[in-house]
Amino acid sequence: MMKSVFSRLFRVLNSSNSHPHEDFLTEVFAEFLCNQETMIDFIGNVLEIPVQEVKHSSIQTQVTFPALPHHQTDSRPDMVIRFYEGQKPYVLFIESKLGSQEGTDQLSRYADHLSVLANQGKKYYLIYLTQYADEKDASLILENHANIVFQADAVVSNFQVD
């Protein structure tokens, strides 16, 4: 069960020392996505997955994944969403940037974690939301991940693992 939005916002405002507005926005966005209709619209419009029903969904914010052997640091996507559409399991990592830039190899590390998870036969996406257009070179981010499909938009970039 996800903590109340007020508890999460209080934690963000008291503990965020780098970009509190970005963390605040993540918590509000997570609360917004708790509504099934909103979640279905988001999945359909951003990921272009025509889902009819989202089952067994969970939304977590600021989830830490321990560094893989070739990583220098742990990874902490802003949001991790898990859900089923029928029998198909999905996992989404969402990273948002509001007044900041991507950390060192941040999106590449997230793609690495998604590839590890992809071996479990699920569909995985890495979504990069930015305040301003921030073009990324998919070949650098997805290096050694032939099973990941990249789609780009001026403000939202999607990485899909089939």
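Below you will find a few notes about this structure. (Residues numbered from 1 in each chain as written. Predicted model: local features only at pLDDT ≥ 70, side-chain atom pairs only at ≥ 80, totals over all residues. Heavy atoms only, no water.)

Now for the pairing of strand E3 (residues 88-97). Summarising burial for E3: nine of the ten residues are buried, a large majority. Taken together, the seven bridges between strand E2 (residues 79-85) and E3 define a ladder with antiparallel strand orientation. Across the sheet, Arg 82 pairs through a bridge with Val 91, a residue of E3. The hairpin turn running from E2 into E3, its antiparallel successor, is two residues long, and Gly 86 in that turn takes a positive phi close to 65°. Relative to strand E4 (residues 123-130), E3 runs parallel, the two being bridged by eight bridges. From the neighbouring strand, Phe 93 faces E4, where its bridge partner is Leu 126. (Buried < 20%, exposed > 50% of the residue type's maximum accessible area, 1.4 Å probe, protein only. Helix = DSSP H or I, 4+ residues; strand = E, 2+ residues; numbered from the N terminus. Pairing = 2+ DSSP bridges.)

Before going further, it helps to examine the pattern of salt bridges. Enumeration over the complete set of coordinates arrives at one salt bridge. The salt bridge involving Lys 97 is made with Glu 95; its shortest N-O contact spans 3.1 Å. Of the residues examined, Lys 97 reaches a relative accessible area of 10% and is grouped as buried. Overall, Glu 95 belongs to the buried group, its relative accessible area being 2%. (Salt bridge = Lys/Arg side-chain N within 4 Å of Asp/Glu carboxyl O.)

Positioned with a positive phi, His 56 is a non-glycine residue whose angle comes to about 50°. For His 56, the position within the fold is in strand E1 (residues 55-61). His 56 gets classed as exposed once you look at its relative accessible area, which sits at 67%. The backbone of Asp 105 shows a phi angle near 50°, a positive value even though the residue is not glycine. Inspection of the secondary structure puts Asp 105 in the loop between E3 and helix H4 (106-118).

This part covers H4. The periodicity of an α-helix, 3.6 residues per turn, causes residues three or four places apart in sequence to face the same way. For H4, spanning 13 residues, the distance from its first C-alpha to its last is 18 Å, which sits close to the expected 18 Å at 1.5 Å a residue. Taken across its 13 residues, H4 has twelve buried, putting it largely inside the fold. Buried residues of H4: Gln 106, Leu 107, Ser 108, Arg 109, Tyr 110, Ala 111, Asp 112, His 113, Leu 114, Ser 115, Leu 117 and Ala 118, and no others. (Expected span 1.5 Å × (residues − 1).)

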